[in-house]
Amino acid sequence: MGLGLRWTLHGDGRTPAPGAVVRPDERLSWPRTAGLGAQHVVAMFGATFVAPVLMGLDPNLAIMMSGVATMVFLLATRGRVPSYLGSSLSFVGVAAAIRASGGDSGTVTGALLAVGAVLLAAGLVVRRFGARVIHAVMPPVVTGAVVMLIGFNLAPVTASTYWPQDQWTALLTMLFTGLAVVALRGFWSRVAIFLGLVFGYAVSWLSDLLFGKIHSPAGGAEAVDHWRLDLSAVAEADWIGLPALHAPEFRWSAILVALPVVIALIAENAGHVKAVGEMTGDPLDDKLGTAIGADGAATVLSTAVGGPATTTYSENIGVMAATRVYSTAAYWAAACFAVLFGLCPKVGAVIAAIPGGVLGGITVILYGMIGLLGAQIWLAGGVDLRNPLNLVPVAAGVIIGVGGVTLEITDSFQLNGIALGTVVVLTGYHALRALAPAHLREQEPLLDEGTSSYDTGARDGEDGSGGR
């Protein structure tokens, strides 16, 4: 397939036949392909601009670099893994922790770049030795615990920064978003977060119109009178222009806080690659290492110019499932649209104006969902928390990560929160496993049921059954 830049026209290019799918190396007519690309942009847009807003980074740059990252990913995987790379929400807690300790945007992106480099190296390891080497070190009990503490570590951000800015808008936004996630079907359920933001925007605008200014903390500061929705910067923003760029800054303390997220990203990529393979009917075990490495490379590229880390998006996988169109041509169209959006500062100004109360309502659900994905990993992996070998390190690590416990190693170096919790879970599990009696060390799956085919040691160039 070369670089995956050639597509065969599917049927008449209009509508797939009943029961047929448009494969990654096929496409519909270019106007329809462009329309599907626009649909992918809508699906990724909410989370892709929420993540940089929550991390204090430029949303315009994030959107533009998500398009560039997707292009890099499609080229690296030779067009076999149709996926969109948007901003990763896994780093929101990391960014908050780094800024709380005095770091700025350069420090945040420097830490994220280091994580991207480690993820790239992990991809090369998986490509060479197969997924078994990764999951032997990070079994489901460890991966689930790390994902859980990353999500729940964010709870104080919502409670102390966003929610107090406008508690009633936050409550209404939370209720609407929760209803949208549960009650809507198909594509609309996939963009429920985006719909919640639009709803919150409208509520804030109406509240300003009906009740005037609100007296509340603005951005976590002391209470002042302010408009809930301030669009003054939108009128001043240009229609065309480059996003603000900045160079990363590397600090070991910040890097150590961010490194645990690598575990979550590897698990996320493995699940997404497997899901795409099952939908397209093309076993992608041989592309797992390449996909992980490509995500790492894209993160390095994005953070090098001041953007957020990237990751494959389940929202867009959902769009493919709904449309049964897996054409990578649609993803190329989406990537081009994202780059164009990123070059419009007015779009970024609209995004930056999201009221704090709206973010409060969204993040209550969003952060909780991130944390509970850890529990889903445990369920899928058959983790038995009645076994003290699993229970003890997880219990200690999660409480340390969620509670923000600090371990002062020297006057100038300390581990806390996510970093310390991850160290406790990872080292504690393996140390206890080495010392535990045989009846507690019953072998558990290296991967959850949905990705068990990787256990055969598949490497790039051969499928899970030793096929090619």
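Because the structure is a prediction, the values reported are computed rather than measured.

Trainee: Sorry, what's going on with helix α3 (residues 92-100) here?
Mentor: Because the α-helix completes a turn every 3.6 residues, residues three or four places apart line up on one side. All of the buried residues in α3 are Val92, Gly93, Val94, Ala95 and Ile98. Following α3 by one or two positions, Gly102 has its phi on the positive side, about 100°.

Trainee: What should I look at first to understand the pattern of salt bridges in this one?
Mentor: A side chain of one charge can pair with a side chain of the opposite charge when the charged atoms of the two come close. Here the structure, examined in full by the defined rule, presents four salt bridges. Among the ionic pairs, Asp208 bridges to Arg228, the shortest N-O distance being 3.0 Å. With Asp208 in helix α10 (residues 192-211) and Arg228 in the loop between β5 (223-226) and α11 (232-236), the pair connects residues that are 20 residues apart, well separated along the chain. When sorted by exposure, Asp208 lands in the same class as Arg228, which is buried. In this structure, Arg251 and Glu249 form a salt bridge, with 3.2 Å as the shortest nitrogen-oxygen distance. Its relative accessible area of 32% is what places Glu249 among the partly exposed residues. The network of salt bridges with shared partners includes Asp166, Asp208 and Arg228.

Trainee: Explain the packing of aromatic side chains here, please?
Mentor: In this description, a pair of aromatic rings is defined by centroid distance and the angle of the planes. Considering all chains together, one arrives at two aromatic pairs under this definition. Taken together, a centroid distance of 4.3 Å and an interplanar angle of 5° make the contact between Phe176 and Phe199 stacked. With Phe176 in helix α8 (residues 167-183) and Phe199 in helix α10, this pair connects stretches of sequence that are 23 residues apart. You can call Phe199 partly exposed: its relative accessible area is 26%. Lying across the ring of Phe129, Arg128 places its NZ or CZ 5.0 Å from the centre.

Trainee: Would you mind showing me how to read the packing of helix α2 (residues 59-76) against helix α14 (residues 288-304) here?
Mentor: How two helices sit against one another is set out by the angle between their axes and by the gap between those axes. Across the interface, α2 lies against α14 with an axial gap of 9 Å and an inter-helix angle of 150°. Judged by the angle between their axes, α2 and α14 are roughly antiparallel. Taken as a pair, α2 and α14 cross one another with a handedness that is right-handed. Touching Met65, Val68, Ala69, Val72, Phe73 and Ala76 of α2 are Thr290, Ala291, Ala294, Asp295, Ala298, Leu301 and Ser302, all from α14. For the contact of α2 with α14, the residue count by class is 10 nonpolar, two polar and one charged.

Trainee: How should the packing of helix α19 (residues 388-403) against helix α20 (residues 417-435) be read in this particular structure?
Mentor: Packing of α19 against α20 brings their axes to within 7 Å, and their N-to-C directions diverge by 170°. By the angle between their axes, α19 is roughly antiparallel relative to α20. Of α20, the residues touching α19 (which contributes Leu389, Asn390, Val392, Pro393, Val394, Ala396, Gly397, Ile400 and Gly401) are Gly417, Ile418, Leu420, Gly421, Val424, Val425, Gly428, Tyr429, Leu432 and Arg433.

The rules behind these values
- Residues numbered from 1 in each chain as written.
- Predicted model: local features only at pLDDT ≥ 70, side-chain atom pairs only at ≥ 80, totals over all residues.
- Heavy atoms only, no water.
- Buried < 20%, exposed > 50% of the residue type's maximum accessible area, 1.4 Å probe, protein only.
- Helix = DSSP H or I, 4+ residues; strand = E, 2+ residues; numbered from the N terminus.
- Salt bridge = Lys/Arg side-chain N within 4 Å of Asp/Glu carboxyl O.
- Phe/Tyr/Trp six-rings, centres within 6.5 Å; stacked < 30°, edge-to-face > 60°.
- Lys NZ or Arg CZ within 6 Å of the ring centre and 35° of its normal.
- Axes fitted to C-alpha atoms, helices over the stretch in contact; angles between N-to-C directions.
- Parallel < 35°, antiparallel > 145°, perpendicular 65-115°, else oblique.
- Left-handed = near helix turned anticlockwise from the far one by under 90°.
- Contact = heavy atoms within 4.5 Å.
- Nonpolar A, V, L, I, M, F, W, Y, C, P; charged D, E, K, R; others polar.

Everything listed here is a matter of geometry and, on its own, says nothing about what the molecule does.
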